[in-house]
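Architecture and fold: a report
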Amino acid sequence: MERMPKWADVVLTPLISLVLAFAISAVVILAIGESPVEALKVMVEGALFSSYGWGFTLYYTTNFIFTGLAVMVAYHAGLFNIGGEGQAAMGGLGVALMLLFVPWPHWALALPGAMIGAAAFGALWALIPAWLQAKRGSHIVITTIMFNFIAAALLNYVLVNLLRPVGKMDPATANFPEPTHLPSISDLLLSLGIEWGKNTPVNVTFFIALAACLLVWLLIWRTRLGYEIRAFGKSEPGAVYAGISPTRITVIAMLISGGLAGLMAINNVMGEAERLVLNSVEGAGFIGIAVALMGRNHPFGVLLAAFLFGFLYQGGGELALWTSIPRELIVVIQALVILFTGALDNMVRMPLERLFMALRRKKEA
């Protein structure tokens, strides 16, 4: 018997955790002599009350959807993939190679090619940790986090020594050819006579991220492979008894996870920067962990949590721009959200379970 209704677990528990995180954030803002009400007002207006703010909020949301889905898929297989940062970085390398060395006549043709490169490089970067986990018992957390550092070092070498244009000082590739530039959503709307989100980075990748949410849901809950992934994640001995190969599921789940993380590069490398630069991921791989946890490892929850963190990123930028509150405070708020939705989840869940159990007993009596 469930201790509390599904809606309470999926909606109420994260909502209360979020309220607690923001309440403590308000105390921190008061402690530095600022008004939490004014800070919230600046964040909301800067992130949601203009097409410009929405453009940046949805851009960040797109990044976090991909990395959140990556963590989610691995989690359902009982794996904790914290290598999204490195996998997304290697996805950027795949995008750069596809766009710099293949002559694409139009972005509509370049986009599928770049997606293949991004997903393939991200998946391959997850393959070795997956194999080590499946064959050698090396813990996936240790190997994936180490591969983040290896990816950073490898990308630094490639950009400085192999892909940097002659005569340039910054560690970055040349700009991608003009035909491969993705249209922004503001460009698409402008072609329809609607002016929205001018000079914002949100682009057609946002729609790909939404499609990814749907496809991942179909994969995990409507396919045989998804059933095997969930069965293996719930009980490895039970899955083995049912004839499911642990090695196969570990490797496949991590390949899908790494591919999703790599696809983030379509947004930030191909869509926004239009070249590959060092540190293009900017921590989105780690934010994906919080997104998956807060989204209860469900694609719809990941979408909502990604939007929340997109709001925090854009709102934090506005906060630093228009007030004396340092941008680092937004990191504190993000940390509190992660703390309450992840590490302190039971602090909210257990009292709610007792409350619903008491209400059920009272109703039965």
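- Looking at an unreviewed UniProt entry, one finds the protein named Nucleoside ABC transporter membrane protein and attributed to Paracoccus laeviglucosivorans.
- Recorded under Subcellular location (unreviewed entry), the UniProt text for the protein is reproduced unchanged: "Cell membrane".

Quick look at the nonpolar core
- F64, L69, V95, I266, M270, F309 and L312 are the most contacted members of the largest nonpolar core, which totals 94 residues.
- Setting aside anything within four residues of it in sequence, one finds M270 in contact with V95, L99, A110, L111, A114, F176, T180, L182 and A265.
- In this structure, A8, V348, L352 and F356 belong to the second largest nonpolar core, which totals five residues.

Regarding the pattern of salt bridges
- Applying the stated criterion across every chain, the model contains five salt bridges.
- One salt bridge in this structure joins E228 and R224, with 3.5 Å as the shortest N-O distance. Of this pair, E228 and R224 both sit in helix α9 (residues 224-234), four residues apart, which is roughly one turn of that helix.
- A salt bridge links R248 to E228, with the nearest nitrogen and oxygen atoms 2.8 Å apart. With R248 in helix α11 (residues 246-273) and E228 in helix α9, this pair connects stretches of sequence that are 20 residues apart.
- Salt bridges here are not isolated pairs; linked through shared partners, they connect D9, R296 and R349.

Quick look at the packing of aromatic side chains
- Applying the stated rule across the entire model yields eight aromatic pairs.
- Ring geometry for W7 and F356: centres 5.9 Å apart, planes at 85 degrees, overall edge-to-face. Separated by 349 residues along the polypeptide, W7 in helix α1 (residues 6-31) and F356 in helix α15 (residues 345-364) bring together distant segments of the chain.
- The exposure class of F356 is buried, given its relative accessible area of 15%.
- Taken together, the ring pairs connect Y59, Y60, F64 and Y313 into an aromatic cluster.

Some remarks on unusual backbone geometry
- Positioned with a positive phi, N199 is a non-glycine residue whose angle comes to about 60 degrees.
- Among the secondary structure elements, N199 is positioned in the loop between α7 (185-191) and α8 (205-222).
- Even without a glycine there, the phi angle at E274 is positive, about 60 degrees.
- Topologically, E274 is positioned in the loop between α11 and α12 (284-294).

Considerations on the side chain of T173
- Tracing the backbone through its elements, the reader meets T173 in the loop between α6 (140-163) and α7.
- For T173, a relative accessible area of 2% corresponds to the buried category.
- Sequence-distant contacts of T173, defined by excluding residues within four places in its chain, comprise A96, L100, L159, L163, P165, R275 and L276.

Remarks on α8
- For α8, built from 18 residues, the straight-helix expectation of 26 Å at 1.5 Å per residue is met to within 8% by its first-to-last C-alpha distance of 25 Å.
- Burial in α8 covers these residues: T205, F206, I208, A209, A212, C213, V216, L219 and I220. Axial view of α8: buried residues confined to an arc of 150 degrees, hence all on one face. Those residues of α8 that are exposed and angled more than 90 degrees off the buried face are L215 and R222.
- Contacts made by the buried residues of α8 are with α3 (51-76), α5 (107-136), α7, α9, α11 and α13 (299-322).

Calculation rules
Residues numbered from 1 in each chain as written. Predicted model: local features only at pLDDT ≥ 70, side-chain atom pairs only at ≥ 80, totals over all residues. Heavy atoms only, no water. UniProt positions renumbered as here; feature names shortened; annotations may be inferred. Core = buried A, V, L, I, M, F, W, Y, C linked by side-chain atoms within 4.5 Å. Buried < 20%, exposed > 50% of the residue type's maximum accessible area, 1.4 Å probe, protein only. Contact = heavy atoms within 4.5 Å. Salt bridge = Lys/Arg side-chain N within 4 Å of Asp/Glu carboxyl O. Helix = DSSP H or I, 4+ residues; strand = E, 2+ residues; numbered from the N terminus. Phe/Tyr/Trp six-rings, centres within 6.5 Å; stacked < 30°, edge-to-face > 60°. Expected span 1.5 Å × (residues − 1). Arc of directions from axis to C-beta.

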